[in-house]
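# Coordinate inspection notes
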Amino acid sequence: MGLQIDLGAIQANWRALADRSGAARAAAVVKANAYGLGAERVAPALYDAGARDFFVALAAEGQAIRPHLADDAQVFVLSGHMDGADLAGLVPVLNSPQQFFRDRAIRPGRPFAIQLDTGMNRLGMEPAQWAAIRDEALAAGPVLIMSHLACADEPDHPANAAQLTAFHQMTDGCGVPRSLAATGGILLGPDYHFDLTRPGVGLYGGLPFADAQPVLRLSLPVIQTRDVLPGEFVGYGAAWVAESPRRIATVAAGYADGLHRAMSGRGASLYAAGTACPIVGRVSMDLITVDVTALAEVPAALDIICPAQKIDDLAARAGTIGYEILTSLGRRYERTYL
Ligand SMILES: *Cc1c(COP(=O)(O)O)cnc(C)c1O
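For clarity, every value in this text was computed on a predicted model and none was experimentally measured. (Residues numbered from 1 in each chain as written. Predicted model: local features only at pLDDT ≥ 70, side-chain atom pairs only at ≥ 80, totals over all residues. Heavy atoms only, no water.)

## Some thoughts on the overall build of the protein chain
- Secondary structure summary: the protein chain contains 10 helices and 19 strands in total.
- Burial analysis of the protein chain (338 residues in total) assigns 52% to the buried set.
- Of the side-chain charges in the protein chain, 27 are positive and 34 negative, and the distance between the mean point of each set is 3 Å. (Helix = DSSP H or I, 4+ residues; strand = E, 2+ residues; numbered from the N terminus. Buried < 20%, exposed > 50% of the residue type's maximum accessible area, 1.4 Å probe, protein only. Lys, Arg positive; Asp, Glu negative; His and termini not counted. Charge placed at Lys NZ, Arg CZ, Asp CG, Glu CD.)

Here's what the structure looks like:
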């Protein structure tokens, strides 16, 4: 019952992506509470697997994991040096000339990294901004220069090669370790690996790392089972009507737990030992109704994330991506770590 998180599978996925990173060293991206799985448990497990470089989005996320990691681990903060951020023990990834000058004024001599924009237009210094401060920034000794790919999950997208070229133009000869690839970039091949890779979603069993070991099982307790007759409806809006006698189970989770209402009526199922039991009616805040007519016996719990319906399968049936399924996983689930 609840959310089972296989730390051993996360470690195996990190090793596999480190292996595919070739000569580059693999970091671990643990932002957003390790994609919803619990950064205070996941980050030390990744350290034990060999990771020494960790990325979070916000300084507060870095402060939450710093005490759980040994001193030889570096924790990079992707939002960089925001006004008032507590960066003690962390490495800000400076995204603009303003962040660079603020950081050097407040933290002279402390480690920092630089992010360059190679085309995504989200974070990082533009080529002209970089050209203007490059000499001063390099003289200050960044520990890493990085950029991020917008389309790495589409290997044939022309933006990949264009961003790679831009990154070379902006960084060749700089003499600083470089990083461009997240999970998708690792799979694009050695040209994209540079010195450090930054896998995130692949560690947690998500696409585009199709060979990932599954990390999660989410089992929802059955509260009640009932029989409905032809013509009876189930759930809000009477959106589903039985066409034949059906057995309906009501399980204890809903959109307040990150099981999006958008997955109503789109073919998602819960599973009893591999047998699909379709969701019927609308997903409500705390409850989901499931057609269990196919089961000889209704178990105490039904699985919504399991090998038969992995996070990306569920995401497709909810009109979203695996990343959003992961990071939406509710706080009400009892989390068990294997
Ligand atoms: C989230 C993120 C990553 C990890 O991306 P995945 O696709 O989850 O592997 C790496 N780098 C940056 C800058 C990110 O924002």
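Back to the write-up after that little detour.
## Thoughts on the pattern of salt bridges
- Per the stated rule, a full pass over the model turns up 11 salt bridges.
- With a shortest N-O distance of 2.7 Å, Arg 20 and Asp 211 are connected by a salt bridge. Residue Arg 20 is found in helix H1 (residues 7-20), and its partner Asp 211 is found in the loop between strand S10 (196-197) and strand S11 (216-228); the two are separated by 191 residues along the sequence.
- Here Arg 104 ties to Asp 103 by a salt bridge, and the two come within 2.6 Å at their closest N and O atoms. (Salt bridge = Lys/Arg side-chain N within 4 Å of Asp/Glu carboxyl O.)

## Section: the domain arrangement of the protein chain
- According to the domain assignment, the protein chain contains domain 1 (7-204) and domain 2 (216-337).
- Here the C-alpha centre of domain 2 lies 37 Å away from the C-alpha centre of domain 1.
- With nine residues of domain 1 in contact, the opposing surface of domain 2 contributes eight residues.
- Note on domain 1 versus domain 2: buried area summed over both sides is about 800 Å², and carbon and sulfur give 70% of it.
- Joining domain 1 to domain 2, the criterion identifies two residue pairs in polar contact (both at pLDDT 80 or more).
- A per-class count over the side of domain 1 that touches domain 2 returns six nonpolar, two polar and one charged. (Domains from an automatic or database assignment. Contact = heavy atoms within 4.5 Å. Buried area = accessible area lost by both parts, 1.4 Å probe. Polar contact = N/O pair within 3.5 Å; in protein donor to acceptor, adjacent residues only side chain to side chain. Nonpolar A, V, L, I, M, F, W, Y, C, P; charged D, E, K, R; others polar.)

## With respect to empty space enclosed by the protein
- Taken as a whole, this structure holds two cavities of 30 Å³ or more when the rule is applied.
- By volume, the largest cavity amounts to about 70 Å³.
- Forming the walls of the largest cavity are Tyr 204, Gly 205, Pro 214, Val 215, Leu 216, Ile 305, Cys 306, Pro 307, Gln 309, Lys 310 and Ile 311.
- Among the residues making up the lining of the largest cavity, the classes are represented as eight nonpolar, two polar and one charged.
- Empty space within the second largest cavity amounts to approximately 60 Å³.
- What lines the second largest cavity is simply Gln 115, Leu 116, Asp 117, Thr 118, Gly 119, Met 120, Arg 122, Leu 123, Ser 147, His 148 and Gln 163. (1 Å grid on protein atoms, 1.4 Å probe; cavity = no way out; pocket = protein on both sides within 12 Å on 5 of 7 lines; lining within 4 Å. Points joined across faces, edges and corners; volume = space filled by probe spheres on them.)

## Some remarks on the sheet that holds strand S7 (residues 113-115)
- Read across the sheet, seven strands follow the order S3-S4-S5-S6-S7-S8-S9 without closing on themselves; strand pairing throughout is parallel. Looking at strand neighbours, the two that pair on one side only are strand S3 (28-29) and strand S9 (178-179), the edges of this open sheet.
- As defined by bridge partners, S3 adjoins strand S4 (residues 53-56) across two bridges and the pair is classed as parallel. Bridging from a neighbouring strand, Val 29 pairs with Phe 55 of S4. (Pairing = 2+ DSSP bridges.)

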